Amino acid sequence: RLDAAAADTETLLAHNLADIVGTITLFIAMLVMMFVFDWRMGAACLLAAVISIAAMFSMMGGKNARIMAEYQAAQDRITKAGTEYVRGIPVVKIFQQTVYSFKAFQQAIEDYSNKSEYYQANVCRIPQSINLTFTEGAFVFLVPAALFLAPGVLASGDFAGFVTNFAFYAVFSAIISTALAKIMFAASGMMLASTALGRINQVMCAPELKKPEHPQKPRDGRVEFEDVSFTYNGAETPALSHVSFTVEPGRTVALVGPSGGGKTTAASLIPRFWDVTSGMVKVGGADVRQIDPHVLMEQIAFVFQNSRLFKASILENVRASRPNATRGEVRAALMAAQCGDILEKLPKGIDTQLGSEGTYLSGGEQQRIALARAILKDAPIVVLDEATAFADPENEALIQKAFTTLTKGRTVIMIAHRLSTVVGADKILVLEGGRVVEQGSHRELVETGGLYARMWADYNQSVQWKITSEEEAK
Ligand code: ADP
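Residues numbered from 1 in each chain as written. Predicted model: local features only at pLDDT ≥ 70, side-chain atom pairs only at ≥ 80, totals over all residues. Heavy atoms only, no water.

Undergrad: If you had to explain helix α1 (residues 2-36) to someone new, which residues and values would you point to?
TA: Under the 1.5 Å per step criterion, the end-to-end length of α1 is 49 Å for 35 residues, consistent within 8% with the ideal 51 Å. Roughly 50 degrees is the biggest bend found in α1, and it falls at Asn16. Residues of α1 that are buried include every one of Asp3, Ala5, Thr9, Leu12, Asn16, Ile20, Thr23, Met30 and Met34, and no others. Where α1 is buried, its residues contact α2 (39-58) and α6 (159-204). (Helix = DSSP H or I, 4+ residues; strand = E, 2+ residues; numbered from the N terminus. Expected span 1.5 Å × (residues − 1). Bend = angle between axes of the 7 residues up to and from the residue. Buried < 20%, exposed > 50% of the residue type's maximum accessible area, 1.4 Å probe, protein only. Contact = heavy atoms within 4.5 Å.)

Structure (structure tokens):
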């Protein structure tokens, strides 16, 4: 949010402010010029401008502002849902779900289409037509005004002066449309900046986590779920129901199961992104709600599916997880995360600014930087969310190596869709509809012949299918 919102407010402060001053000056100068030569023809030009501005602002004020905000929100949602959809395609293939399993995307499309149609038809159509007509057509009033005045001028004899004035206003009216376009540009800049500030305020005004009165210290890296249920605000069905499991310190648990089963939700409860509705999540023997939030954060490193890097240097990006780390420590973490090739190809190495001067990293490279961040944090518990899902094959091998370093000797909770990555886990939990439907080692679960065994068979089939089709292609 800060990255995007800062870009929006920066545009206003650095570019539009100067434009706005210029526009106001131009507008005042224009008003004066309008009345210098022939106030009647000037008034005809002004009338067109006033109608055009009034139409423009009628689209932005009152009820329409709310509709526009909803329209923009729908646009945001469709972008997010679209990204999730594309990232989820492998899951659809493995679990043989239909496209309609992506309800969120379908809903976002329908919602956007409805909002967009409503906004265009009910808010924009008439005012925008009026606005464009009068912005481009100061003549609508100027020509009739000139025709109306012509007989009087002919009688008085100063025809040459009259024609010169008309020519002046005809040329002048072209400037009006430029000025109006500038006003519109400035107004939309102001609106963008104000919605950006609104989004930042949402974060700044979010209630702080309640701190425990008598904070407890976690003893070790053990993670326990005791009869945990959780329902999202406003949701009808719980995302997790009576989930219980234990991860011993230094062990790895993989969460698997169909999309929407509750894997991400379970992982999110450990660092208190949300608090349980009932039951208890414990870290190192203490209820997470009884641990000081800062201490809790120190216990857990995350690597999420959509790891986000800041528009800052690689050094700062990695150091975000431990601000007092030295350059040497950051470098060592980057090496452990197999980022050597990234540093080598970048002009300023570790000090290269990401997201500027054309320095953009691929998805897999971003993942590795995010892994370096997690390695530097050196926390006893690691939460990995489908971290390798969309890495390319070359990156994947490197990411697997980085994983090994990151997870060594730590408690690991891994959300995985691709079953090849979970075979070695100490325990596998199969979550479906918010419940743990099976748990055990890979071998045990395959022997049980339940949901996991079916998923494993499907997975093998999909791998085989890939190999045969590749061979056929040869
Ligand atoms: P998984 O990671 O297994 O795909 P999730 O934990 O993301 O499953 O989702 C579990 C359920 O909770 C789903 O029904 C999902 O629609 C719902 N859900 C997930 N995130 C939210 C949220 N932020 N608000 C409301 N419902 C959510």
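Anyway, onward from the coordinates.
Undergrad: Talk me through the sheet that holds strand β8 (residues 411-415); I want residue IDs and the actual numbers.
TA: Read from one edge to the other, the open sheet built from six strands follows the order β6-β7-β8-β3-β9-β10, with strand pairing classed as mixed. Two strands bound the open sheet, and with one partner strand each, they are β6 (300-303) and β10 (435-440). Ignoring which end each strand starts from, the neighbouring axes of this sheet average 20 degrees apart. (Pairing = 2+ DSSP bridges. Axes fitted to C-alpha atoms, helices over the stretch in contact; angles between N-to-C directions.)

Undergrad: Which residues make up the pairing of strand β1 (residues 223-230), and what values do they have?
TA: Counted residue by residue, β1 has six buried out of eight residues, so it is predominantly covered. As defined by bridge partners, β1 adjoins strand β2 (residues 240-247) across five bridges and the pair is classed as antiparallel. Across the sheet, the residue bridging to Phe230 is Leu240, located in β2. Pairing analysis gives five bridges linking β1 to strand β4 (residues 278-283), with the strands arranged antiparallel. Among the inter-strand pairings, Phe225 is bridged to a residue of β4, identified as Val281.

Undergrad: For the sheet that holds β4, give the residues involved together with the corresponding values.
TA: Sheet strands associate in pairs through backbone hydrogen bonding, adopting either a parallel or an antiparallel arrangement. On the basis of which strands lie adjacent, the open sheet formed by four strands has the order β2-β1-β4-β5 and antiparallel pairing. With partners counted over all chains shown, the strands left at the sheet margins are β2 and β5 (286-287), one partner each.

Undergrad: Kindly report on unusual backbone geometry, identifying the contributing residues and their values.
TA: When glycine is set aside, most residues are seen to have a negative phi, and most peptide bonds are trans. Unusually for a residue other than glycine, Arg272 sits at a positive phi of about 65 degrees. Turning to its location among the elements, Arg272 is positioned in the loop between α7 (263-269) and β4. A relative accessible area of 6% means that Arg272 is categorised as buried. Phi is positive for Asp378, which is not a glycine, with a value near 55 degrees. Along the chain, Asp378 falls in the loop between α12 (363-377) and β7 (381-385).

Undergrad: Residue-level account of a nonpolar patch on the surface, with values.
TA: Together, Ile24, Ile28, Val32, Met33, Val36 and Phe37 make up a nonpolar patch on the protein surface, roughly 550 Å² of accessible area in all. Topologically, Phe37 is positioned in the loop between α1 and α2. Exposure remark for Phe37: the relative accessible area of 44% places this residue in the partly exposed category. (Patch = residues over 30% accessible without salt bridge, like charges linked within 9 Å, V, L, I, M, F, W, Y side chains within 5 Å. Areas by Shrake-Rupley, 256 points an atom, 1.4 Å probe, with all protein chains shown as cover. Salt bridge = Lys/Arg side-chain N within 4 Å of Asp/Glu carboxyl O.)

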